[in-house]
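Geometric and topological summary
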Amino acid sequence: MQHISHSYQTIYSELAQRALDGAFTSEFSADGRFITAAVKGRRYWYFDMPDGQGEEANLCRSCR
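Residues numbered from 1 in each chain as written. Predicted model: local features only at pLDDT ≥ 70, side-chain atom pairs only at ≥ 80, totals over all residues. Heavy atoms only, no water.

1. Some thoughts on a nonpolar patch on the surface
A cluster of nonpolar side chains, namely Ile4, Tyr8 and Ile11, defines an oily patch on the protein surface of about 360 Å² accessible area. Take Ile4: it is sitting in the segment before helix 1 (6-27). (Patch = residues over 30% accessible without salt bridge, like charges linked within 9 Å, V, L, I, M, F, W, Y side chains within 5 Å. Areas by Shrake-Rupley, 256 points an atom, 1.4 Å probe, with all protein chains shown as cover. Salt bridge = Lys/Arg side-chain N within 4 Å of Asp/Glu carboxyl O. Helix = DSSP H or I, 4+ residues; strand = E, 2+ residues; numbered from the N terminus.)

2. Re the confidence of the model for the protein
Averaged over every residue, the pLDDT of the protein is 81; the share at 70 or more is 80%. Averaged pLDDT values for the elements of the protein fall to 54 in strand 3 (residues 56-58) and rise to 90 in helix 1. (pLDDT = per-residue confidence, 0-100.)

3. With respect to the pairing of strand 2 (residues 42-50)
Bridging between strand 1 (residues 33-39) and strand 2 involves 7 bridges; their strand directions are antiparallel. Of the residues in strand 2, the one forming a bridge with Ala38 is Arg43. Linkage of strand 1 to strand 2, two consecutive antiparallel strands, is achieved through a turn of 2 residues, within which Lys40 is found at a positive phi near 50°. (Pairing = 2+ DSSP bridges.)

See the structure below:
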């Protein structure tokens, strides 16, 4: 197996992380937040957007 230099490993890792960060940013608004909710005894994470009145208003569309 060929050895890959540490600098190339670091560059690849940084590129992969930036791609993941970009995908996350495009999927989730900075105005929202992640919350947990218990459903049938199991805990699930949902993305919540505020409704402007300080209430949890809009859980993810597939969770309604």
